[in-house]
Amino acid sequence: MPEPLEYQVVLRVAACAVCRTDLHVVDGELDRGVLPIVLGHQVVGRVVSAGPDSALQVGERVGVPWLASTCGSCEMCAAGRENLCPSARFTGCDVDGGFAELVLADSRFCLRLPGAYGDVEAAPLLCGGLIGFRALRMAGEASRLGLYGFGSAAHLITQVARHRGAAVYAFTRAGDLAGQEFARSMGATWAGESTGPAPEPLDAAIIFAPAGELVPLALAAVRPGGTVVCAGIHMSDIPRFPYSLLWGERSLRSVANLTREDGADFMALAGEARIDVLTEVLPLAQADRALELVRTGRVRGTAVLVPD
Ligand SMILES: [Zn+2]
Ligand SMILES: [Zn+2]
């Protein structure tokens, strides 16, 4: 049983969703983090003990997201951009995460969860939903939105985008007919292969798959003035492409981490939009199998670990 220090709480984990980022940590693809580390940054749990000045009470249900802590005083933190704080620490990467029975968290960075969601279905909201939501904001006003890679984040964000009146175009790996069918069942207007052309010019596109070769394809699919957002923390190298793909005031940008404000805004929206969260539940003891399912793209929705 860990001992909570100032502002900290100990949570008993009820569920922890698996993210593509967990694989990047396992594969050593991020230039940060400590070893050994307990993975998992989409943790739903209940407070079992609270340290001095904790913002939470024993018994409360909260979520622990990727952003574990920030310095609170640098230029970025002062400007409301704590997602870019150079001293930020991340759950399941710099501090132990939720592939566990108990987790220690800074109460000031825990997020309140909409009550309509059970523990398992709330877990994927904490990264797939939340980072997807930040990416959706960065995409700007888009009535035709492309999503590249249709996994945990995309199945949630398709519903949020539709709730806002946008049409979603889902691009999957060539030959992934099951993935395309899944995208249509989640509300996508159109689903097809990422290597083929878009059926009509898109206003914006979000790339969830960690594949750099999708960047020129997405740029080619958006209209002049459109935005392409790279939503993953890691991506393979982007191949060289002609300037004409960027010309016409197209924008290419990344999305990094989250702010607590994003968290509060997204949880409010999730409460209102009542997102249908598809999960594949595995016992904590099968965490390695869950990671392999995510690696091979064999999960419909989000893999979620539950302590035995
Ligand atoms: Zn800071
Ligand atoms: Zn994540």
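Residues numbered from 1 in each chain as written. Chains lettered and ligands numbered in written order. Predicted model: local features only at pLDDT ≥ 70, side-chain atom pairs only at ≥ 80, totals over all residues.

## Let's talk about the overall build of the chain
- Scanning the chain for helices and strands turns up 9 helices and 15 strands.
- A compact globule built from 308 residues would reach a C-alpha radius of gyration of about 19 Å, and the chain, at 19 Å, matches this within 12%.
- For the chain, the spread of C-alpha atoms along the principal axes amounts to about 55 × 40 × 35 Å.
- Considering only residue pairs separated by 6 or more positions, the chain has 68% of its internal contacts joining residues 24 or more positions apart. (Helix = DSSP H or I, 4+ residues; strand = E, 2+ residues; numbered from the N terminus. Rg over C-alpha atoms; globule rule 2.2 N^0.38 Å. Contact = placed C-beta atoms within 7 Å.)

## A word on unusual backbone geometry
- With an omega of -10°, the peptide bond running from Leu35 to Pro36 counts as cis.
- Note that Pro36 resides in the loop between helix 1 (20-26) and strand 2 (43-50).
- Non-glycine residue Glu249 carries a positive phi angle of around 60°.
- Mapping Glu249 onto the fold places it in the loop between strand 12 (222-230) and strand 13 (251-254).

## Description of the sheet that holds strand 11 (residues 202-207)
- In space, the 6 strands of this open sheet follow the order 10-9-8-11-12-13, with parallel pairing throughout. Single-partner strands in this sheet number two, and they are strand 10 (190-193) and strand 13. If you compare each strand with its neighbour and ignore which way they point, the axes differ by 20° on average.
- Bridging between strand 11 and strand 12 involves 5 bridges; their strand directions are parallel. Across the sheet, the residue bridging to Ile206 is Val229, located in strand 12. (Pairing = 2+ DSSP bridges. Axes fitted to C-alpha atoms, helices over the stretch in contact; angles between N-to-C directions.)

## A short note on the domain arrangement of the chain
- Its domain assignment divides the chain into domain 1 (8-126 + 278-306) and domain 2 (129-254).
- Domain 1 and domain 2 are separated by 25 Å when their C-alpha centres are compared.
- Each side of the interface is counted separately: domain 1 has 16 residues, and domain 2 has 11 residues.
- With 3 residues, helix 1 is the single largest residue contributor to the side of domain 1 that touches domain 2.
- Here the residues of the side of domain 1 that touches domain 2 sort into 8 nonpolar, 5 polar and 3 charged. (Domains from an automatic or database assignment. Nonpolar A, V, L, I, M, F, W, Y, C, P; charged D, E, K, R; others polar.)

## Here's the deal with the packing of helix 4 (residues 128-138) against helix 8 (residues 260-273)
- Axis separation between helix 4 and helix 8 bottoms out at 10 Å; the angle between their running directions is 105°. By the criterion of interaxial angle, the relationship of helix 4 to helix 8 is roughly perpendicular. On helix 8, the residues that touch Gly129, Leu130, Phe133 and Arg134 of helix 4 are Asp262, Gly263, Phe266 and Ala270. (Parallel < 35°, antiparallel > 145°, perpendicular 65-115°, else oblique.)

## Regarding the environment of Ala142
- Locating Ala142 in the fold gives a position in the loop between helix 4 and strand 8 (144-148).
- Taking the C-beta count within 10 Å as the criterion, Ala142 has 21 such neighbours and is therefore assigned buried.
- On a C-alpha basis, the gap between Ala142 and Asp203 in space is 5.1 Å, while along the polypeptide they are 61 residues apart.
- If near-sequence neighbours (up to four positions away) are discounted, Ala142 is found in contact with Ala166, Asp203 and Ala204. (Buried ≥ 20, exposed ≤ 12 C-beta atoms within 10 Å, placed from the backbone.)

## Examining the nonpolar core
- The biggest cluster of nonpolar side chains holds 101 residues, and the ones touching the most others in it are Leu147, Ile207 and Ala218.
- If near-sequence neighbours (up to four positions away) are discounted, Ala218 is found in contact with Gly146, Tyr148, Ala205, Ile207 and Val228. (Core = buried A, V, L, I, M, F, W, Y, C linked by C-beta atoms within 7 Å.)

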